[in-house]
Amino acid sequence: IQLPAGWKQVLNRRSIIFAAAQNSGNDQPPPRRMGLAVLKTMEMVRRYNIDAKRIYAAGLSGGARIASDLAFYQHDLFAGTIQSCGTNFYREVLTDPTLRAEHYGVMDATQEEVENAKAKVKFVLITGPGDFRYKFVKGIYAAGFQKEAFQAILLDRAMGHEDCDGAALDKDLDF
């Protein structure tokens, strides 16, 4: 796995380790992807002296949606998310009737998982006008995360459906 452009310098300066599970792409079922992410994270925690307040789930597109799910289901492990061009929310968020047919971004979570994610996890959503999921991500942020007062920010960048650059990552990590 190759780091996105500009990330290595930011991660090194902030003393952050990047780890990714192998064989966990969009061609794999979400439960497997989440399980591999949790196992990889637990292995890193066992292996290194890691500050639990600095463990983040991150991803691009479908990986961003997995990161979002992990924030709800594993709020005891992940302190935050960095979600580029994708997100999920615990309920359907309808901000544009023309988008309803795709039923994008809905995941299941118990009320306890929602309350814990809201209290314990910081969500960073990143998108831009060139992202084909732009309206969805912005809508879920505004009518979901923001409306319900989750600890969340949206970075609306000049970008397409791609990983954020190092400058955006740096700002994400400040949050």
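Small disclaimer: the values here were computed from a predicted structure and weren't measured.

1. A short note on the overall build of the chain
- Within the chain, the regular secondary structure consists of six helices and four strands.
- Each principal axis of the C-alpha atoms in the chain carries an extent, and together these give about 45 × 35 × 30 Å.
- A burial count over the chain gives 46% of its 175 residues as buried.

2. Looking at helix 2 (residues 30-47)
- End to end, helix 2 covers 26 Å across 18 residues, agreeing with the expected 26 Å (1.5 Å per residue, within 8%).
- Where helix 2 is concerned, the buried positions are Arg-33, Met-34, Val-38, Thr-41 and Met-44. In an axial view of helix 2, the angular spread of the buried residues amounts to 130°, which keeps them on one side of the axis. Turned more than 90 degrees away from the buried face of helix 2 sit Pro-31, Leu-39, Arg-46 and Arg-47, all of them exposed.
- Residues of helix 2 that are buried in the fold lie against helix 3 (62-73).

3. Topic: the pairing of strand 3 (residues 122-127)
- Within strand 3, five of the six residues are buried, which leaves it mostly tucked inside the rest of the structure.
- In this fold, strand 3 hands off to helix 5 (residues 134-146), which returns the chain to strand 4 (residues 151-156); that crossover is right-handed.

4. What about the packing of aromatic side chains?
- Taken as a whole, this structure holds twelve aromatic pairs when the rule is applied.
- Centre to centre, the rings of Phe-89 and Phe-145 are 4.7 Å apart; their planes meet at 70°, and the pair counts as edge-to-face. One end of the pair, Phe-89, is in the loop between strand 2 (80-84) and helix 4 (111-120); the other, Phe-145, is in helix 5, and 56 residues separate them in sequence. Like Phe-89, the residue Phe-145 is buried in the burial classification.

5. Describing the packing of helix 2 against helix 3
- Where helix 2 meets helix 3, the axes come as close as 10 Å, and the angle between the chain directions of the two elements is 70°. Considering the angle they form, helix 2 stands roughly perpendicular to helix 3. In the packing of helix 2 onto helix 3, the handedness of the crossing is right-handed. Here Pro-30, Arg-33, Met-34, Ala-37 and Val-38 of helix 2 come into contact with helix 3, specifically with Gly-62, Gly-63, Ile-66, Asp-69, Leu-70 and Tyr-73.
- Tallied by class, residues from the contact of helix 2 with helix 3 come to seven nonpolar, two polar and two charged.

6. Concerning the side chain of Asp-172
- In this fold, Asp-172 is placed in helix 6 (residues 166-174).
- Apart from residues no more than four positions distant in its own chain, Asp-172 is found in contact with Ile-82, Val-124, Ile-126, Leu-155 and Cys-164.

7. Focus on the environment of Ala-58
- Summarising the element assignment, Ala-58 is placed in strand 1 (residues 56-60).
- Taking relative accessible area as the criterion, Ala-58 reaches 44% and is therefore assigned partly exposed.
- Taking the C-alpha atoms as reference points, Ala-58 and Ser-84, separated by 26 residues in sequence, lie 7.9 Å from one another.
- Among all residues touching Ala-58, those that are not within four sequence positions of it are Gly-63, Ala-67 and Ile-82.

8. Considerations on the pattern of salt bridges
- A full pass over the atoms with the stated rule returns eight salt bridges.
- Arg-91 is the salt-bridge partner of Glu-148, the closest N and O atoms lying 2.6 Å from each other. Taken together, the positions of Glu-148 in the loop between helix 5 and strand 4 and Arg-91 in the loop between strand 2 and helix 4 put the pair 57 residues apart, joining distant regions of the chain.
- With relative accessibility at 18%, the residue Glu-148 sits in the buried group.
- Exposure remark for Arg-91: the relative accessible area of 28% places this residue in the partly exposed category.
- Here the residues in one salt-bridge network are Arg-13, Arg-14, Asp-170 and Asp-174, joined through shared partners.

Criteria and thresholds
- Residues numbered from 1 in each chain as written.
- Predicted model: local features only at pLDDT ≥ 70, side-chain atom pairs only at ≥ 80, totals over all residues.
- Heavy atoms only, no water.
- Helix = DSSP H or I, 4+ residues; strand = E, 2+ residues; numbered from the N terminus.
- Buried < 20%, exposed > 50% of the residue type's maximum accessible area, 1.4 Å probe, protein only.
- Expected span 1.5 Å × (residues − 1).
- Arc of directions from axis to C-beta.
- Contact = heavy atoms within 4.5 Å.
- Right-handed = clockwise from strand over helix to strand, strands pointing away.
- Phe/Tyr/Trp six-rings, centres within 6.5 Å; stacked < 30°, edge-to-face > 60°.
- Axes fitted to C-alpha atoms, helices over the stretch in contact; angles between N-to-C directions.
- Parallel < 35°, antiparallel > 145°, perpendicular 65-115°, else oblique.
- Left-handed = near helix turned anticlockwise from the far one by under 90°.
- Nonpolar A, V, L, I, M, F, W, Y, C, P; charged D, E, K, R; others polar.
- Salt bridge = Lys/Arg side-chain N within 4 Å of Asp/Glu carboxyl O.

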